[in-house]
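These are the residues of each chain, in order.
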Amino acid sequence: MSYCRVIFFVFHFLLFVSIISKAQSISGEVTGCADGQPLAGVTVKVAGTNTGSATDSNGKYLISNKIIGGGVYILDFSFVGMKTVRKEVKIPSGAGDASRTAVTVNVCMEDAASELDEVVVEAKSPVQRVKESSFNVVALDAKSLQNTTLDLAHAMSRVSGVKIRESGGLGSDLHFSLNGFSGRHVKFFMDGVPMEGMGASFQINNIPVNLAERIEIYKGVVPVGFGADAIGGAVNIVTNQQRRTFVDASYSYGSFNTHRSSVNAGYTAKNGFMVELNAFQNYSDNSYRIENAVKDLETGQINSDETESVRRFNDTYHNETVILRTGFVNKPFADRLVVSLNAGKTYKETQNGVRQDVVYGQKHSRGETLMPSLQYIKRNLLLEGLDVRLTANYNKNLTHNIDTATFEYNWRGESKYNNGKIGEQRYQDSEYENRNSNMTFTANYRISEYHSLILNDVFSSFNRNTRSSPESTLLATDTMPKVSQKNVAGLSYKLNFENRWNVSVFGKHYLQYSKGPKDVSTDTGHTSYAIFSETFTAAGYGIAGTYFWKDFQGKVSYEKTYRLPTDSELFGNEELERGSTGLRAENSDNYNLNLSYSRDFDRTHFIYIDAGCILRNTKDYIRRVTDSYSGKFYASHINHGYVRNISLEGEVRYSYKNVVSAGVNATSQNIRDNEPETMGASASTTYRARIPNIPYFFASGDVEIVWRNFLRKTSHLSFGYNGNYVNEFPLYSERHGSTSKRVVPTQLSHDVSLTYTLGNGRYNLTAECKNLTGEKLYDNFSLQRPGRAFFLKVRYFINFLSYNK
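Rules and cut-offs
Residues numbered from 1 in each chain as written. Predicted model: local features only at pLDDT ≥ 70, side-chain atom pairs only at ≥ 80, totals over all residues. Heavy atoms only, no water. Helix = DSSP H or I, 4+ residues; strand = E, 2+ residues; numbered from the N terminus. Buried < 20%, exposed > 50% of the residue type's maximum accessible area, 1.4 Å probe, protein only. Areas by Shrake-Rupley, 256 points an atom, 1.4 Å probe, with all protein chains shown as cover. Pairing = 2+ DSSP bridges. Phe/Tyr/Trp six-rings, centres within 6.5 Å; stacked < 30°, edge-to-face > 60°. Lys NZ or Arg CZ within 6 Å of the ring centre and 35° of its normal. Salt bridge = Lys/Arg side-chain N within 4 Å of Asp/Glu carboxyl O. Contact = heavy atoms within 4.5 Å. Patch = residues over 30% accessible without salt bridge, like charges linked within 9 Å, V, L, I, M, F, W, Y side chains within 5 Å. Polar contact = N/O pair within 3.5 Å; in protein donor to acceptor, adjacent residues only side chain to side chain.

## So, the overall build of the protein chain
And then number 1: Tallying secondary structure elements over the protein chain gives 5 helices and 48 strands in all.
And then number 2: For the protein chain, the residues scored as buried account for 53% of the 805 residues in total.
And then number 3: By element, 56% of the accessible surface of the protein chain is carried by carbon and sulfur atoms, the whole surface being about 35400 Å².

Laid out in structure tokens, this is it:
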């Protein structure tokens, strides 16, 4: 059956179900009476029943349930800080027996003001609703971090199971780990759109946290709605898409001549026309000190037993990104129809190779990104309860690698003429152009209050062209085509029973075509490349369920999933990473078990306890390795074989009113080599040994104390602390004798901050100290991260609530 026929069949199946269903539906929009803005997260319930719903980000809600016969019903609308609203609804007699009747009820809610204590609070925030899904997911409220200097990556480092590994300072290579699976095992999305291929100027370690409203981190099993080929989980960065007019501007300055600024502004007219601007920039000299042995340029010798405190001198990084959006919201033809243009530039100097003893003094790269995109969202399209989402983007990334120096450098910044050799690594004055396109389609059909279906399809393509100057040292692979195309389709069914339990079952289909250079030489130490192409298809499936009992929630899920090799794994980055076109797709059986407890004691004390276990059995595990080619070190990727990962994690959080908040989390991950034989069919010496160069135990904790109305009314002072601990872990396998003694040492770091806000959050001033005790920090062997650093941030925020009066 062709793909088009499958879509045709599913569409008519949904239409058939809608016709035979005898359920009524009540829908509408909830807004604030004072400003007319839509309210998200309002609880809407039919009095005296378990039937209810909640408004989405546009203030829309839908209740669909099998109510027999006509009659009069009462709807209760409740929301934090608003007066509860009761509305009478009349269903025509006989409607429940003969037809599907749609009734529209729109309401506005008034500020409870001094009556707040009398309001019955039933509304759940978007963060709470995400946590209560059947999937093992953590929702991080990014709004609470928007006065800090954090980017998205370091904001997520505070979540259990998440480990951020950097090779240096601002703009350095970053590897994101989630419960032991790192890098590209985890997929990233922004508002449900894949971020893969968005370019170096738009990555999680340079996007300010101010751009996000919340961050959803899915551990293990990933919902069909994302269309992801992931075995390690997924991250969805959710921006604020509510209809509003606002300005949010910030600037920070700190150690190592670091400047970071962002401007987010939006305007929405009464007729639904909207325009929004997001712009941010990052700059740093990254001139922090490290301890390292220094090469004697005259003798060419390095005494590894003698180290010096030296300052990094060729590590400047800066990027600038502008995103412009315009379109319409809340119109009859679309709830959201937006076109946008993302443009960015990046400059990055390369101080060292994949090992810190290799020093570069002039090597650098430049990059440019241009990405137009389209987003269309419509609720109740053609059918009541059928919501459709369509996105498309085209991304052109141009990267220029420059390595033309004729000098050799050491860590003191000393240089020596390199005997006519051009290029510190290899002579390079070349450009490579990546062209990425992506299209996503999601249809969510709510058959009734208890039943719903989700259909999703994601298509992406990649094409790279390389251009070099005549003098560049070309590799055999530089002029060969590099092409990849992927399609992931999925269908999910969800059963939700009276908010007591729910279960989702789903299936996925994976397709990938790749074409590029592959080493076909059988002679060790030599390479011979030929153009290689391959088509891969597979099917995956899974189930996820959750159950609520008093203050407890239990979750269990299973998934048979595949992870298709990424473009950078297949083709490298034309610099320090080499491609591996023959990589096979990973496949994994993922099991997740989670139990949580939450309790609110008289709206004064709140406690939250969460514990989880994740088991993954992975075949053809893709692992990043370091090897030598033509006398230089490069990184590449290989299929390792069988790997088993058992990860345990726990979190405890406590808060007292809105004054004190504290939490601690810990993660233990046991990742073992389960491959009994090597590629030569001999017994593996690392069978059932730990996979090296991966942290096995780490933890973090945070405390925030707020003094309300400090010095003046509507002004607040807050103190924040965040600590991170990582136990030592080996660079090489524990079975490899003396080499296993090379370890990344145990580390404990402390960050503190002090924030003063005035005018109910309009003016904000934050002072931060990172790595307070000046510890030597390493995420990767011998690659030292910055020491103690100080930062100051100012932020201005205003939301024009009365724009549409």
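## Quick look at the sheet that holds strand β15 (residues 214-219)
And then number 1: What the 5 strands build is an open sheet, ordered β9-β15-β16-β13-β14; its pairing is mixed. Strands at the two margins of the open sheet, each flanked by one partner only, are β9 (137-141) and β14 (193-194).
And then number 2: Pairing analysis gives 6 bridges linking β15 to strand β16 (residues 233-238), with the strands arranged antiparallel. The residue bridging Arg214 from the neighbouring strand is Val238, located in β16.

## Some remarks on the packing of aromatic side chains
And then number 1: All chains considered together, the criterion is met by 21 aromatic pairs.
And then number 2: Aromatic side chains Phe462 and Phe571 sit 5.7 Å apart centroid to centroid with 10 degrees between the ring planes, which places their arrangement in the stacked category. Separated by 109 residues along the polypeptide, Phe462 in strand β29 (residues 451-468) and Phe571 in helix α5 (residues 567-571) bring together distant segments of the chain. For the residue pair Phe462 and Phe571, the accessibility class agrees, reading buried in each case.
And then number 3: Linked through ring pairs, Phe189, Tyr218 and Phe226 together constitute an aromatic cluster.
And then number 4: Over the ring of Tyr696 we find Arg690; its NZ or CZ atom is 4.3 Å from the centre of that ring.
And then number 5: Sitting above the plane of the Phe791 ring, Lys770 keeps its charged end 5.2 Å from the centroid.

## Looking at the pairing of strand β41 (residues 716-726)
And then number 1: Sheet analysis places strand β40 (residues 697-707) next to β41, joined by 10 bridges and oriented antiparallel. Residue pairing across strands places Asp702 opposite Asn722, the latter belonging to β41.
And then number 2: Pairing of β41 with strand β44 (residues 747-758), which is carried by 11 bridges, proceeds in the antiparallel orientation. From the neighbouring strand, Val726 faces β44, where its bridge partner is Gln747.

## Concerning the pattern of salt bridges
Pairing is possible between side chains of opposite charge, provided their charged atoms come close.
And then number 1: Within this structure, the stated rule accounts for 30 salt bridges.
And then number 2: Here Arg214 and Glu216 are joined by a salt bridge, their closest N and O atoms 3.0 Å apart.
And then number 3: Using a relative accessible area of 13% as the deciding quantity, one classes Arg214 as buried.
And then number 4: Residue Glu649 is joined to Lys219 by a salt bridge in which the shortest nitrogen-to-oxygen separation is 2.6 Å. Of the two residues, Glu649 is situated in strand β38 (residues 643-656) and Lys219 in strand β15; the sequence distance between them amounts to 430 residues.
And then number 5: Residue Glu649 is classed as buried on the basis of its relative accessible area, which comes to 7%.
And then number 6: Residues participating in the shared-partner salt-bridge network are Lys163, Asp779 and Arg785.

## Points about the environment of Lys143
And then number 1: Relative to the helices and strands, Lys143 resides in the loop between β9 and α4 (152-156).
And then number 2: Each C-alpha atom, one on Lys143 and one on Asn210, is 7.3 Å from the other, the two residues being 67 residues apart in sequence.

## Remarks on the side chain of Ser452
And then number 1: Topologically, Ser452 is positioned in strand β29.
And then number 2: When residues no more than four places from it in sequence are discounted, the contact partners of Ser452 are Asn444, Tyr445, Arg446, Ile447, Ser492, Tyr493 and Lys494.

## Here's the deal with a nonpolar patch on the surface
And then number 1: Together, Tyr251, Tyr253, Leu765, Leu792 and Val794 line one region of the surface with nonpolar side chains, adding up to about 440 Å² of accessible area.
And then number 2: Elements supplying a minimum of two residues to the nonpolar patch: β17 (246-254) and β48 (789-799).

## Looking at the environment of Leu717
And then number 1: With respect to the helices and strands, the residue Leu717 is situated in strand β41.
And then number 2: The class of Leu717 is buried, set by a relative accessible area of 16%.
And then number 3: When the C-alpha atoms of Leu717 and Asn764 are compared, they prove to be 9.9 Å apart, with 47 residues separating the residues in sequence.

## A word on the side chain of Asp779
And then number 1: Turning to its location among the elements, Asp779 is positioned in strand β46 (residues 778-780).
And then number 2: Only 2.8 Å separates the side chain of Asp779 from the backbone nitrogen of Glu166, close enough to count as a polar contact.
And then number 3: Excluding anything up to four places from it in sequence, Asp779 contacts Lys163, Ile164, Arg165, Glu166, Phe729 and Arg785.

## Section: unusual backbone geometry
Working note: non-glycine residues mostly have negative phi, and peptide bonds are mostly trans.
And then number 1: In the Ramachandran plot, Arg688 falls in the positive-phi region, its phi being about 65 degrees despite a non-glycine side chain.
And then number 2: Mapped onto the elements, Arg688 comes out in the loop between β39 (660-673) and β40.
And then number 3: By relative accessible area, which is 52% here, Arg688 ends up exposed.
And then number 4: We note that Leu711 has phi near 70 degrees; this positive angle belongs to a residue other than glycine.

## Some remarks on the pairing of strand β19 (residues 273-284)
And then number 1: Here β19 shows one buried face, formed by Met274, Glu276, Asn278, Phe280, Asn282 and Ser284, and one open face, formed by Phe273, Val275, Leu277, Ala279, Gln281 and Tyr283.
And then number 2: With 10 bridges connecting them, strand β18 (residues 258-268) and β19 associate as antiparallel partners. Counted as the bridge partner of Ser261 is Gln281 from β19.
And then number 3: The hairpin formed by β18 and β19 contains 4 residues between the paired strands, and Gly272 there has a positive phi angle of roughly 95 degrees.
And then number 4: Summarising the sheet, β19 and strand β22 (residues 317-331) pair through 12 bridges and their orientation is antiparallel. Residue pairing across strands places Met274 opposite Gly327, the latter belonging to β22.

Distances and angles like these do not, on their own, reveal function.
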